[in-house]
Amino acid sequence: MNLHHIGYLVKDVSKSIHAFEQLGYTLQGQVCFDPDRKAKICFLVESGSPIELVSPEPESDLFPLLKQYQNQPYHLCYTISDLEAKIENLKNAGFLLFKAPQKAVAIGPDAIVAFLMHRSIGMIELVQLHGELK
C-alpha cells in the first residue's frame, strides 16, 4: 500500500484552500462536488503527499464528523491494486468496513474507494485507481 493522500475535514473549503496556499500548496484541478458523499472536495499539492479537503453539506453522512474533526486531518488514503481482497484482509485483522466501495469522482473517473475503521488508528480510505464496482 502506498499513501495516496491525507484527508482533511473542513468547514469552508475556500478558506482552507487559502490557508494551505499560504504554506506553499497549490490547488490541483478544481473544487468538485461529489454527489455520493454530498461534499465539496479538492486536492492540493506541495512536495509531499497530496492533501484532500472535504467540506460536507449538512445532509452528508460526513457532516456530523465536523463536530469531532473541526478543520483537521481525519483519514489517510492508501492506493491498492485489489480493493475487495484488501478489504477482506483488513476485516480479518480487526478493521470494520465503514463505507462500502463506491466511485470517487474527485480522484478520477475509474477510482473506487472504501472506508474502514480500526479502534486503534481511526479511519482509513483505500483507493483502487482502475476498477469497477462489484
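Residue numbers run consecutively from 1 along every chain, following the written order of its sequence. Reporting of local features is limited, given that this is a predicted model, to residues whose pLDDT is at least 70; pairs of side-chain atoms are given and counted only at 80 or more, and all residues count toward the totals for whole chains, interfaces and linings. Side-chain calculation: all heavy atoms of the structure are included, whereas hydrogens and water are not.

Draft legend 1. Focus on the sheet that holds strand E5 (residues 72–79). At least two bridges found by DSSP between two strands is the condition for calling them paired. Where helices and strands are cited, they refer to DSSP runs of H or I of at least four residues and of E of at least two residues respectively, numbered from the N terminus. Strand order in the open sheet formed by eight strands is E2-E3-E4-E1-E5-E8-E7-E6, and the pairing between neighbours is mixed. Edge positions in the sheet fall to strand E2 (26–34) and strand E6 (96–103), since each has one partner strand and no second. Neighbour to neighbour, the strand axes of the sheet diverge by 25° on average, direction disregarded. Pairing of strand E1 (residues 2–9) with E5, which is carried by seven bridges, proceeds in the antiparallel orientation. In the sheet register, Leu-9 faces E5, and the bridge partner there is Gln-72. Where helix H1 (residues 13–22) meets the sheet, its contacts fall on E1, E2, strand E3 (39–45) and strand E4 (51–56), and the angle it forms with E4 comes to roughly 160°. To obtain each axis, a line is fitted to C-alpha atoms, and for helices this fit is confined to the stretch in contact; angles are then taken between N-to-C directions over 0 to 180 degrees. For this analysis, residues touch if any pair of their heavy atoms sits within 4.5 Å.

Draft legend 2. Local environment of H1. To sort residues, take the accessible area from a 1.4 Å probe on protein chains only and compare it with the maximum for the residue type: under 20% means buried, over 50% means exposed, and anything in between is partly exposed. What H1 keeps buried is the set Val-13, Ser-16, Ile-17 and Phe-20. With its buried residues spanning 105° around the axis, H1 presents them on a single face. Opposite the buried face of H1, by more than 90 degrees, sit the exposed residues Ser-14, Lys-15 and Gln-22. Tucked into the core, H1 has its buried residues touching E1, E2, E3 and E4. Positive backbone phi, at 100°, marks Gly-24, one or two positions downstream of H1. Here the arc refers to the set of directions running from the helix axis out to each C-beta atom.

Draft legend 3. The pairing of E4, seen in detail. Counting buried positions over the six residues of E4 gives six, a clear majority of the element. Alternating residues of E4 divide into Ile-51, Leu-53 and Ser-55 and Glu-52, Val-54 and Pro-56, and every residue in both groups is buried. When E1 meets E4, the two strands line up parallel, connected through four bridges. By the bridge assignment, Gly-7 is partnered in E4 with Glu-52. Of the strand pairs in this sheet, E3 and E4 are connected by six bridges, and their pairing is antiparallel. Within E4, the residue paired with Lys-40 across the bridge is Ser-55. Linkage of E3 to E4, two consecutive antiparallel strands, is achieved through a turn of five residues.

Draft legend 4. Examining the packing of aromatic side chains more closely. Pairing of aromatic rings covers Phe, Tyr and Trp, the last counted by its six-membered ring, and requires centre-to-centre distances within 6.5 Å; plane angles under 30 degrees mean stacked, over 60 mean edge-to-face, and any other angle means tilted. Per the stated rule, a full pass over the model turns up three aromatic pairs. Plain terms: the ring middles of Phe-20 and Tyr-25 are 5.3 Å apart, the flat faces sit at 80° to each other, and that makes the pair edge-to-face. With relative accessibility at 18%, the residue Tyr-25 sits in the buried group. Where Tyr-69 meets Tyr-74, the ring centres are 6.0 Å apart and the plane angle is 50°; that geometry is what we call tilted. Like Tyr-74, Tyr-69 is buried.

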